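# Coordinates in review
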Amino acid sequence: LEVKAKQLATVAKNKENIRRKLVVTANKLVVIAKEKESVRRKLLVTAKNLDIKAKQLVVTAKEKENIRLKLAEATDELARKEKLAVIGKLAGIMGHEIRNPLGVIRNSIYFLTMKFGESIDEKVKRHMDIIQTEIDGCDKIISDVLDFARIKPPSITETEINSVVKASLSKASMPLQCRAHPSTF
């Protein structure tokens, strides 16, 4: 019986040692669990802060893209205005250089008309009228190019469409297979 009592006492001591170790381990696990909870809370705060920063970065990226697009538009507009300025200068020079000879031709036609008056052959008169019409057309083209270089609001006028079509067709070169009849206007 003594042996059994000693064995039981040893088993009881072992059990007590195991219980103490389990208590120590349980206490350590409680500490670890508290540390984990603290880390989890910190991670949640960090995740929320990161989410806020990410949203701010998205807004900043959109703002930067909008600024980039506006800059590209402004750059394109500046380039277009510079081109128009160059075209304007060229148009002014060309207008001057082309209008001078046209003025000489116009004055020559006027002189010939005054000099020969009614005695001008009908065919010559018709050709002089064609030359005058073409000079007016060239002058109009020069004015249009000069006006193109200048930015101004369009002016709207009421016009008889048939006269515009007739004038356009009279200047157009028609293929031989096509014929325009005045009765269709």
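Everything numeric here is computed off the predicted structure, so don't read it as measured data. (Residues numbered from 1 in each chain as written. Predicted model: local features only at pLDDT ≥ 70, side-chain atom pairs only at ≥ 80, totals over all residues. Heavy atoms only, no water.)

### Overview of the overall build of the protein chain
The condition that has to hold: Only runs of H or I of at least four residues qualify as helices and only runs of E of at least two qualify as strands under DSSP, and these elements are numbered from the N terminus. With C-alpha atoms as the basis for the radius of gyration, the globule rule is written as 2.2 Å multiplied by the number of residues raised to the power 0.38. Burial status follows relative accessibility: with a 1.4 Å probe on protein chains alone, a residue under 20% of its type maximum counts as buried, one over 50% as exposed, and anything between as partly exposed. In this analysis, two residues are considered to be in contact whenever any of their non-hydrogen atoms come within 4.5 Å of each other. As used throughout, the charge tally considers Lys and Arg to be positive and Asp and Glu to be negative, leaving His and the chain termini uncounted. To locate a charge, take NZ of a lysine, CZ of an arginine, CG of an aspartate or CD of a glutamate.
Helix and strand content of the protein chain: three helices and zero strands. Taken over the C-alpha trace, the protein chain has a radius of gyration of 49 Å; the compact-globule value for 185 residues is 16 Å, which it surpasses by more than 25%. Residues classed as buried in the protein chain amount to 6% of the 185 residues present. Here the contacts in the protein chain between residues at least 6 apart in sequence split such that 67% fall between residues at least 24 apart. Here the protein chain carries 36 positive and 23 negative side-chain charges, and the mean point of each set is 22 Å from the other.

### Topic: the nonpolar core
To be explicit about the condition: Here, nonpolar core refers to any group of buried Ala, Val, Leu, Ile, Met, Phe, Trp, Tyr and Cys residues whose side-chain atoms link them within 4.5 Å.
Within the largest apolar cluster, eight residues are counted, these being Ala91, Leu102, Ile109, Ile120, Met128, Ile135, Ile142 and Leu146. For this core, the elements supplying multiple residues, two or more each, are helix 1 (2–116) and helix 2 (122–149). Ranked by the residues each element gives to this core, the list is headed by helix 2, at four residues. Not counting residues up to four positions away in its chain, the partners in contact with alanine 91 are Val145 and Leu146.

### Remarks on the pattern of salt bridges
Operational definition: Any Lys or Arg side-chain nitrogen found within 4 Å of a carboxyl oxygen on Asp or Glu counts as a salt bridge.
Overall, the coordinates contain 13 salt bridges when judged by the stated rule. Residue aspartate 139 is joined to arginine 99 by a salt bridge in which the shortest nitrogen-to-oxygen separation is 2.7 Å. With aspartate 139 in helix 2 and arginine 99 in helix 1, this residue pair connects regions lying 40 residues apart in the sequence. Among the charged side chains, a network of salt bridges with common partners joins Arg99, Arg106, Asp136 and Asp139.

### Description of the environment of lysine 125
Along the polypeptide, lysine 125 turns up in helix 2. The class for lysine 125 is partly exposed, based on a relative accessible area of 33%.

### Considerations on helix 2
Cut-off, in case you're wondering: Given a helix with a known number of residues, its expected span is that number minus one, times 1.5 Å. Contacts described as polar in this section are N or O atom pairs within 3.5 Å, which, within protein, must combine one atom able to donate a hydrogen with one able to accept it, while residues neighboring in sequence count only if both atoms come from side chains.
The end-to-end C-alpha separation of helix 2 is 41 Å, in line with the 40 Å expected for 28 residues at 1.5 Å each. Among the residues making up helix 2, those that are buried are Met128, Ile135, Gly137, Ile142, Leu146 and Ala149. For helix 2, the secondary structure elements touched by its buried residues are helix 1. Its side-chain oxygen placed 2.8 Å from the backbone nitrogen of lysine 123, aspartate 121 serves as the N-cap of helix 2.

### Focus on the environment of alanine 33
Looking at the secondary structure, you find alanine 33 in helix 1. Between the alpha carbons of alanine 33 and lysine 15 there is a distance of 26 Å; along the sequence they are 18 residues apart.

### Here we look at the packing of helix 1 against helix 2
Our working definition: Orientation is described by axes fitted as lines to C-alpha atoms, over the contacting stretch for helices, and by angles from 0 to 180 degrees between their N-to-C directions. Convention used here: angles under 35 degrees read as roughly parallel, angles over 145 as roughly antiparallel, angles from 65 to 115 as roughly perpendicular, and any remaining angle as oblique. A crossing counts as left-handed when the near helix is turned anticlockwise from the far one by less than a right angle, and as right-handed when that turn is clockwise. Residues are grouped as follows: Ala, Val, Leu, Ile, Met, Phe, Trp, Tyr, Cys and Pro are nonpolar; Asp, Glu, Lys and Arg are charged; all remaining types, including Gly, are polar.
It is at 9 Å that the axes of helix 1 and helix 2 come closest, and there the two elements cross at 160°. With respect to helix 2, the axis of helix 1 lies roughly antiparallel. Pair helix 1 / helix 2 crosses with left-handed handedness. Its residues assigned to classes, the contact of helix 1 with helix 2 shows 17 nonpolar, six polar and four charged.

### Some details on a nonpolar patch on the surface
Here is the rule we go by: Like charges within 9 Å and nonpolar side chains (Val, Leu, Ile, Met, Phe, Trp, Tyr) within 5 Å are joined into patches, using only residues over 30% in relative accessible area that form no salt bridge. In short, Shrake-Rupley with a 1.4 Å probe defines the accessible areas, and a residue's cover is counted only from the protein chains shown.
Side chains of Val86, Leu90, Met94 and Ile98 sit close together on the surface and give an oily, nonpolar patch of about 360 Å² of accessible area. The residue methionine 94 is located in helix 1 in this model.

### Describing the confidence of the model for the protein chain
Defined as follows: As a per-residue measure, pLDDT reflects the predictor's confidence and takes values from 0 up to 100.
Here the protein chain shows a mean pLDDT of 88. Residues at 70 or above account for 91%. Confidence, read as mean pLDDT per element, is least for helix 3 (residues 161–171) in the protein chain (83) and greatest for helix 1 (92).

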